[in-house]
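Residues per chain are reported as follows:
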Amino acid sequence: MDLDMKNWFSEVNALWPGQCMSLKVKKLLWEEKSKYQQICIFESESYGRVLTLDGIIQCTERDEFAYQEMISFLPLCCHPEPRKVLIVGGGDGGVAREVVKHPLVQEVYQVEIDDRVVELSKEFLPFMACGFQSPKLNLTIGDGFDFMKNHVGEFDVIITDSSDPVGPAICLFQESYFSLMKRALRPGGIVCSQGGTYWTEMKQVQDTLTHCRSQFPVAGYAISTVPTYPCGQIGYVIGSLNEATNLREPVVTFTDAELEKMQMRYYTSDVHRAAFTLPRYAANALK
């Protein structure tokens, strides 16, 4: 991990030139080069434990729930019966933690390519990796493309929790990937992928949404705020095979008591609806 003389981690990346997110490091917990990427976990001064891959922040203890809940419950609550769910990526366990909370979900299959992310998350990020403990979950270490090729027409919802479009995650933002997900879905199925931010990656967001629209009759882009992601905002590209789906209106809703029981901290039905309301310039760019 590259630290300056005062022990600050700075996320400097070509995807968002001219800016960076910096966190003061209290203690370096682990660092290694896996078969696929550079993995680093450290204790920060103000955001708790932090996971970075190839120098890019993936999650922090303080704000990870804003991303995990939204990428999970936006598609789950747009589907009337999300019984069988596939998670591609998500080696930290956060998405699995959220998906298994949904009372209608019966089976969750997860495919993560890097076993070291899973093992290190279990050791250093137990508040997220607890998702791996659910009896609903079936974890496979392998390639998501290969997995879906061998599981055609099986899933109600597919969630892709990927890192940014660099390194091993590049292929998860292409039209071929959305086509593959489409084949792996049951009739009326829904997909949701990490979609980037329109502040610094508008072209990438446009391209990813276009790829989704090429395969799904209903597609959209929603957002949530996550302070440690670029510009404090992240997007979700969602597609449905059901032409009648209204992505803005959840078909499954929960009471405050139910949300409290599920330990939800960000997602509500009102937040779901608001997530699809974009600034005018962004809405126009993504038409």
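Residues numbered from 1 in each chain as written. Predicted model: local features only at pLDDT ≥ 70, side-chain atom pairs only at ≥ 80, totals over all residues. Heavy atoms only, no water.

Caption draft 1: Local environment of the overall build of the protein chain. Within the protein chain, the regular secondary structure consists of 10 helices and 12 strands. Against the globule reference of 19 Å for 287 residues, the protein chain gives a C-alpha radius of gyration of 18 Å, in line with a compact fold. Across its three principal axes, the protein chain shows a C-alpha extent of roughly 55 × 45 × 40 Å. Per-residue burial over the protein chain gives 56% buried out of 287 residues. In the protein chain, of all internal contacts separated by at least 6 residues, the share reaching a separation of at least 24 is 67%. Carbon together with sulfur atoms contributes 50% to the accessible area of the protein chain, which is approximately 12200 Å² in total. Where the 27 positive side-chain charges of the protein chain centre and where its 36 negative ones centre are 3 Å apart. (Helix = DSSP H or I, 4+ residues; strand = E, 2+ residues; numbered from the N terminus. Rg over C-alpha atoms; globule rule 2.2 N^0.38 Å. Buried < 20%, exposed > 50% of the residue type's maximum accessible area, 1.4 Å probe, protein only. Contact = heavy atoms within 4.5 Å. Areas by Shrake-Rupley, 256 points an atom, 1.4 Å probe, with all protein chains shown as cover. Lys, Arg positive; Asp, Glu negative; His and termini not counted. Charge placed at Lys NZ, Arg CZ, Asp CG, Glu CD.)

Caption draft 2: Molecular detail of the side chain of E112. Along the chain, E112 falls in strand 7 (residues 107-112). For the buried residue E112, which engages in no salt bridge, the nearest side chain bearing the opposite charge is R116, 11 Å off. Setting aside residues up to four positions removed in sequence, E112 forms contacts with G89, G90, G91, V118, T140, I141 and G142. (Salt bridge = Lys/Arg side-chain N within 4 Å of Asp/Glu carboxyl O.)

Caption draft 3: Just the nonpolar core, in detail. Counting residues in each nonpolar core, the largest one holds 41 residues, and the members touching the most others are L74, V99, Y236 and I238. Ranked by the residues each element gives to this core, the list is headed by helix 1 (residues 64-78), at 9 residues. Apart from the residues within four sequence positions on either side, V99 is in contact with S72, L76, V85, I87, V105, V108 and I159. If you look at the next biggest cluster of nonpolar residues, it comprises 27 residues, including V111, L180, M202 and L278. (Core = buried A, V, L, I, M, F, W, Y, C linked by side-chain atoms within 4.5 Å.)

Caption draft 4: How the structure looks around the pairing of strand 3 (residues 38-44). Burial analysis of strand 3 places 6 of its 7 residues in the buried class, which makes it a mostly covered element. By the bridge criterion, 7 bridges tie strand 2 (residues 21-33) to strand 3 in an arrangement that is antiparallel. The partner of K27 across the bridge, within strand 3, is E43. Both strand 3 and strand 4 (residues 49-53) contribute to a ladder of 5 bridges, which runs antiparallel. Bridge pairing in strand 4 links I41 to L51. Two successive antiparallel strands, strand 3 and strand 4, enclose a turn made up of 4 residues, where G48 displays a positive phi of approximately 70°. (Pairing = 2+ DSSP bridges.)

Caption draft 5: Highlighting the packing of aromatic side chains. Counted by the stated rule, this structure contains 14 aromatic pairs. Geometrically, the ring pair formed by W199 and Y281 is tilted, given 5.7 Å between the ring centres and 50° between the ring planes. Pair noted here: W199 is in the loop between strand 10 (185-196) and helix 7 (202-215) and Y281 is in helix 10 (residues 280-285), with a separation of 82 residues, a long-range link. Across the ring face of F155, the terminal group of K84 is positioned such that the distance to the ring centre comes to 5.4 Å. Looking at K122, its charged tip hangs above the ring of F132, at a distance of 5.7 Å from the centre. (Phe/Tyr/Trp six-rings, centres within 6.5 Å; stacked < 30°, edge-to-face > 60°. Lys NZ or Arg CZ within 6 Å of the ring centre and 35° of its normal.)

Caption draft 6: Examining the layout of surface pockets more closely. The calculated volume of the second largest pocket comes to roughly 230 Å³. Lining of the second largest pocket is provided by 13 residues; of these, G220, Y221, R248, F276 and L278 occupy positions nearest its centre. For the lining of the second largest pocket, the elements supplying multiple residues, two or more each, are helix 7 and strand 11 (218-225). It is strand 11 that contributes the most residues to the lining of the second largest pocket, 3 residues altogether. Residue classes in the lining of the second largest pocket are distributed as 8 nonpolar, 2 polar and 3 charged. (1 Å grid on protein atoms, 1.4 Å probe; cavity = no way out; pocket = protein on both sides within 12 Å on 5 of 7 lines; lining within 4 Å. Points joined across faces, edges and corners; volume = space filled by probe spheres on them. Nonpolar A, V, L, I, M, F, W, Y, C, P; charged D, E, K, R; others polar.)

Caption draft 7: Looking closely at the environment of S121. Looking at where S121 falls in the secondary structure, it is placed in helix 3 (residues 115-124). Exposure remark for S121: the relative accessible area of 1% places this residue in the buried category. Those residues in contact with S121, other than ones at most four positions away along the chain, are G91, D92, P126 and A129.

Caption draft 8: Structural detail: helix 7. For helix 7, with 14 residues, the first-to-last C-alpha span of 20 Å sits near the 20 Å given by 1.5 Å per residue. Turning to helix 7, its buried residues number three or more, namely M202, V205, T208, L209, H211, C212 and Q215. Packing partners of the buried residues in helix 7 comprise helix 6 (175-184), strand 10, strand 11, strand 12 (233-240) and helix 10. (Expected span 1.5 Å × (residues − 1).)

Caption draft 9: A look at the sheet that holds strand 4. The 5 strands lie next to each other as 1-2-3-4-5, forming an open sheet whose pairing is antiparallel. The sheet terminates laterally at strand 1 (8-11) and strand 5 (56-60), the two strands that pair on one side only. Averaged over all pairs of adjacent strands, the angle between their axes in this sheet comes to 45°, without regard to strand direction. (Axes fitted to C-alpha atoms, helices over the stretch in contact; angles between N-to-C directions.)

Caption draft 10: Representation of the environment of Y267 within the structure. Its location among the elements puts Y267 in the loop between helix 8 (256-261) and helix 9 (269-274). Among the residues examined, Y267 registers a relative accessible area of 2% and is labelled buried. For the pair formed by Y267 and F73, sequence separation is 194 residues and the distance between their alpha carbons is 7.3 Å. Side chain to side chain, Y267 and H272 meet in a polar contact 2.8 Å long. (Polar contact = N/O pair within 3.5 Å; in protein donor to acceptor, adjacent residues only side chain to side chain.)

Read these as spatial facts, not as claims about activity.
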